[in-house]
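Each chain, written out:
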Amino acid sequence: MCLNDIIYVSDGRIRRADITISGGLIEHIADREELDTASFVSGAMPEGSSLLLPGIIDEHVHTREPGLTHKGNLDSETHAAAAGGVTTIMDMPNVVPQTTTLEALDERFCLGRQHAFVNYSFYFGATNSNAHLLTQLDPARVPAVKLFMGSSTGGMLVDHGQSLHDVFSLSPLPIMAHCEDSSIISRNMQRAKELYGDDPDITHHAEIRSREACLTSTRLAIQMATQTGARLHIAHVSTKDEIELIHDSQATSQATITLEACLPHLLFTDADYEHLGTAVKCNPSVKTAADRQALREALADGRITCVATDHAPHLPTEKTGGCARAASGIPMIEFSLVSMLELVDKGVLSLPRMVEVMCHAPAKLFSIRDRGFIREGMQADLVIVRRHPWTLTADNIHSLCAWSPLTGHRFAWQVAQTYCNGRLIYDNGIFAQDNSHAQSLTFQR
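Residues numbered from 1 in each chain as written. Predicted model: local features only at pLDDT ≥ 70, side-chain atom pairs only at ≥ 80, totals over all residues. Heavy atoms only, no water.

Colleague: Teacher, can you tell me more about the overall build of the chain here?
Modeller: When helices and strands are counted, the chain shows 12 helices and 17 strands. For 445 residues, the compact-globule estimate of 2.2 N^0.38 gives 22 Å, and the chain sits close to it at 21 Å. In terms of overall dimensions, the chain has C-alpha extents of about 65 × 50 × 45 Å along its principal axes. In the chain, which comprises 445 residues, the proportion classed as buried is 61%. In the chain, 73% of the contacts between residues at least 6 apart in sequence involve partners at least 24 apart. With an accessible surface of roughly 16,000 Å², the chain has 48% of that area assigned to carbon and sulfur atoms. Averaged over its 36 positive side-chain charges, the chain has a centre that lies 1 Å from the centre of its 52 negative ones. (Helix = DSSP H or I, 4+ residues; strand = E, 2+ residues; numbered from the N terminus. Rg over C-alpha atoms; globule rule 2.2 N^0.38 Å. Buried < 20%, exposed > 50% of the residue type's maximum accessible area, 1.4 Å probe, protein only. Contact = heavy atoms within 4.5 Å. Areas by Shrake-Rupley, 256 points an atom, 1.4 Å probe, with all protein chains shown as cover. Lys, Arg positive; Asp, Glu negative; His and termini not counted. Charge placed at Lys NZ, Arg CZ, Asp CG, Glu CD.)

Colleague: Which parts of the structure should I look at to understand the sheet that holds strand β13 (residues 306-308)?
Modeller: Paired through backbone hydrogen bonds, the strands of a sheet run either parallel or antiparallel to each other. Spatial ordering of the open sheet is given by β8-β9-β10-β11-β12-β13, a layout of six strands whose pairing is parallel. The sheet is open, and its two edges are formed by β8 (124-125) and β13, each paired on a single side. In this structure, strand β12 (residues 257-262) lies alongside β13, joined through three bridges in parallel fashion. The partner of Cys262 across the bridge, within β13, is Ala308. (Pairing = 2+ DSSP bridges.)

Colleague: When you look at helix α2 (residues 102-115) in this model, what are you seeing that I'm missing?
Modeller: For the α-helix, the turn length of 3.6 residues means that residues three or four positions removed from each other point alike. The terminal C-alpha atoms of α2 lie 20 Å apart, and with 14 residues this matches the ideal 20 Å at 1.5 Å per residue to within 8%. Where α2 is concerned, the buried positions are Ala104, Leu105, Arg108, Phe109, Leu111 and Gly112. Axial view of α2: buried residues confined to an arc of 160 degrees, hence all on one face. Residues of α2 that are exposed and angled more than 90 degrees away from the buried face: Glu103 and Arg113. (Expected span 1.5 Å × (residues − 1). Arc of directions from axis to C-beta.)

Colleague: Just checking my understanding: could you explain the environment of Ala225 for this structure?
Modeller: With respect to the secondary-structure elements, Ala225 resides in helix α6 (residues 211-228). Relative accessible area serves as the criterion here: at 0%, Ala225 is assigned to the buried category. Once the C-alpha coordinates of Ala225 and Ala255 are considered, the two residues, 30 residues apart in sequence, prove to be 6.1 Å apart. If we skip the residues at most four places from it in the chain, Ala225 touches Phe168, Ala230, Leu232 and Ala255.

Pasting the structure below:
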């Protein structure tokens with residue numbers, strides 16, 4: 001198969017080329033022309049123009065399988081991923097049963113083989129009592145250990161001092177940490193209930209899941225990484241303060257610390273609670289416009305390493321209520337790429353930088369084998385996007401929960417085709433008929 005005379009973006013460059021795909025791999029790239037990345041602005045491309053990008057690697061996804069499949073499942077959420085140009089997901093451990101035993105981890109890989117429509121892997125979840133299992137994890141199979149240092153997931157909260165130290169000191173893999181201090185959140189919730197009733201209005205969410213809660217927990221995670229030498233990746237950073245704290249810490253410490261930004265914190269602010277309500281309720285909370293601006297700037301200049309979605313489907317009925325009752329989580333995977341292309345159009349970051357944070361950086365950070373770049377010999381995980389205005393309606397949504405806070409938004413870009421391991425799996429609304437192309441990830445460590 002050949003993709004002829006196509007503009008592609010990889011390795012910080014924009015080029016026009018003919019690309020040959022064979023046996024699931026990028027066999028040959030015949031460059032025709034180098035385009036000036038400094039002057040190339042995707043927003044200036046005329047309607048109908050197309051770009052070839054590496055398939056998006058989403059390092060932070062909740063498919064909800066097993067145990068929570070009324071919200072989403074591997075089949076539904078990875079089809080949504082393919083429709084959004086995402087060819088690789090890494091799935092979180094807070095399912096039922098939680099992925100906190102070696103047996104549960106093996107079961108999830110079995111489910112992946114059966115149901116995943118794109119490439120996949122699964123995190124192992126740390127608890128207060130399972131640090132002894134971390135040394136038994138296969139580093140070629142598992143991307144990282146997920147550590148919940150906040151109260152998002154109940155039984156997976158690791159809040160004992162010795163348990164935290166054990167996780168950081170024993171893990172042979174990177175530690176991906178959700179940083180919110182549960183005691184601060186509990187105090188804030190109690191205060192809010194005293195002031196506003198048993199289910200405070202959603203406009204108080206950022207007061208309850210506060211910047212202080214994030215900063216306190218992030219400071220502890222940095223301290224642990226510095227003491228133990230653990231490789232720390234902080235998930236869904238949401239405040240300007242955390243970025244500054246981590247930047248300062250890296251200047252004075254030998255610890256390797258990286259940051260992930262998630263789509264909700266790059267797109268929304270606390271002002272959106274007024275008109276979008278619980279549709280933008282997530283943990284950590286969406287915060288101020290100043291925080292969003294700081295995240296965008298850090299994304300552009302390299303202080304933030306990766307962009308993910310924290311795709312977290314819930315049924316609409318589960319999103320009713322306020323701060324106490326409504327579920328936290330937003331389905332975002334299907335619209336991450338087209339949303340990020342809009343940030344490129346707005347000048348928030350360059351097109352090569354967008355490809356870096358959504359494709360190259362996750363592949364490098366987790367040492368994913370042969371993915372994340374458009375290079376000869378790499379797996380042919382690719383997405384073609386075209387400039388074509390369209391409006392998101394409920395009919396466009398493939399996630400099982402069937403809603404999005406972006407419904408009604410008019411996008412400038414559209415995913416036209418998605419290739420996974422050389423197979424065309426999504427073609428202008430039509431999906432491949434089976435998942436024989438999907439592969440479990442391999443990590444080169």
